[in-house]
Amino acid sequence: MVEIKTSDAANLEVFSEVLQSLAATDRDIMVVTSDSRGSGKLVPFGQKFPEQIVEVGIAEQNLVGVATGLASMGKKAFAVSPACFLTARALEQIKNDVAYSDNAVKLIGISAGVSYGALGTTHHSLHDFAALRAINNLTIVAPADNFETAEAIKQAAEMQSPIYLRFGKKTMPANLNSNVTDFKIGKGRIIQEGKDLTFIATGEAVLPCLEAAKLLKKDHNISSKIISLHTIKPLDTELLLSTASNNKPIITVEEHSINGGLGEAVASLLFQNGCVNKFKIIGLPDDHTVSGSQIEIFNHYGISADGLKNTALNLLKP
């Protein structure tokens, strides 16, 4: 049994530890990688369970095909590859072999968003939510912290339908709210309550919202609700409509293009249900992204404590 970290760690490290823990007692756990066991933190898994890992090399379409074959035979197959390549090069296989054929593959997109930083647009995965949201029969999850990651992997392992899980590389908090210990795929998680506006974010973009909320409270006595909407599809419609019912401003925040991701999914739901809240989508613009570290890119596009604070203040203006 692998001891799961209780201190801050990269979500990918937690993913690896939980997977090792599951594999120790479940021979059906299988990992398929595309020359990515190092970046996927899976070297220890391969050393401990050499018969439960398959390496296909730099061949993402084969990766998904092999994982699909394993899943069709009853194995709990985790297909692990950089998100930018997994969801572009193997999109047809994800659509047809996994989702259309209803094979319960666990697609793991690693180094997602702008985690690759200085490698630039070719290695940034800012399209994956948009592309995969359009595919029927595919759950999409981006955990915000170590706790959400551990719970999501445990639940994904037992799912009988396809799922895509997205992870970055940055060290994340063990738990953004240790008082909220319930987690369910498909149900958003309230990180903190607030009455003046709401931040709805996913993945590694949740933490900057929490930091912005602290500044808003300290400097302006503004109370912010924060929702970790870890599941992009299906949306937690009950939570979102309940949150919007106060008619207060809503800001969505994501490490993804502003086109086709979390923000547009939430906006579509609310608008079609008659909500009239002031609304702002924060993400990466429809342009070639700048290069730099993740934090530099976040700062450049306003996905930061100061940037989100200013967005909130502008949205709260009469």
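Residues numbered from 1 in each chain as written. Predicted model: local features only at pLDDT ≥ 70, side-chain atom pairs only at ≥ 80, totals over all residues. Heavy atoms only, no water.

Asker: Would you explain the packing of aromatic side chains in this entry?
Answerer: When we look at a pair of aromatic rings, we describe it by the centre distance and by the angle of the planes. Under the definition given, this model contains 3 aromatic pairs. Ring centres of Phe 15 and Phe 167 lie 5.7 Å apart, and the angle between their planes is 25 degrees; this geometry places the pair in the stacked category. With Phe 15 in helix H1 (residues 11-23) and Phe 167 in the loop between strand E7 (163-166) and strand E8 (171-172), the pair connects residues that are 152 residues apart, well separated along the chain. Neither Phe 15 nor Phe 167 differs from the other in exposure class; each is buried. Seen in terms of ring centroids, Phe 147 and Phe 183 are 6.5 Å apart; in terms of plane orientation they differ by 85 degrees. Their pairing is edge-to-face. Here Phe 183 lies in the loop between E8 and strand E9 (189-192) and Phe 147 lies in helix H7 (residues 146-158), a separation of 36 residues in the sequence. Between Arg 89 and the ring centre of Phe 85, over which it is positioned, the NZ or CZ distance is 4.4 Å. If you follow Arg 166 out to its NZ or CZ, it ends over the ring of Phe 129, 4.3 Å from the centre. (Phe/Tyr/Trp six-rings, centres within 6.5 Å; stacked < 30°, edge-to-face > 60°. Helix = DSSP H or I, 4+ residues; strand = E, 2+ residues; numbered from the N terminus. Buried < 20%, exposed > 50% of the residue type's maximum accessible area, 1.4 Å probe, protein only. Lys NZ or Arg CZ within 6 Å of the ring centre and 35° of its normal.)

Asker: Any chance you could explain empty space enclosed by the protein here in plain terms?
Answerer: A probe as big as a water molecule, rolled over the atoms, marks out the empty space that is left. Tallied over the full model, the rule gives 1 cavity of 30 Å³ or more. A volume near 80 Å³ is recorded for the largest cavity. As for the largest cavity, its lining consists of Asn 11, Ala 112, Ala 142, Pro 143, Arg 166, Phe 167, Gly 168, Thr 202, Gly 203, Glu 204 and Glu 255. (1 Å grid on protein atoms, 1.4 Å probe; cavity = no way out; pocket = protein on both sides within 12 Å on 5 of 7 lines; lining within 4 Å. Points joined across faces, edges and corners; volume = space filled by probe spheres on them.)

Asker: Quick question: what am I supposed to make of the environment of Thr 252 here?
Answerer: Mapped onto the elements of the fold, Thr 252 is located in strand E13 (residues 250-257). Residues Thr 252 and Ser 228, 24 residues apart in the sequence, show an inter-C-alpha distance of 10 Å. In contact with Thr 252, not counting residues within four places along its chain, are Ile 200, Leu 262, Gly 263, Val 266, Phe 279, Lys 280, Ile 281 and Ile 282. (Contact = heavy atoms within 4.5 Å.)

Asker: Would you mind showing me how to read unusual backbone geometry here?
Answerer: Only a minority of non-glycine residues have a phi that is not negative, and only a minority of peptide bonds are not trans. Looking along the chain, the bond that leaves Lys 233 and enters Pro 234 is cis, with omega of 0 degrees. Tracing the backbone through its elements, the reader meets Pro 234 in the loop between strand E12 (231-233) and helix H9 (237-244). A positive phi angle is found at Ser 111, which is not glycine, with a value near 50 degrees. Looking at the secondary structure, you find Ser 111 in the loop between strand E5 (106-110) and helix H6 (128-133). At Asn 137, a position not held by glycine, the phi torsion is positive, near 70 degrees. Tracing the backbone through its elements, the reader meets Asn 137 in the loop between H6 and strand E6 (139-141). Note on Asn 137: relative accessible area 25%, which makes it partly exposed.

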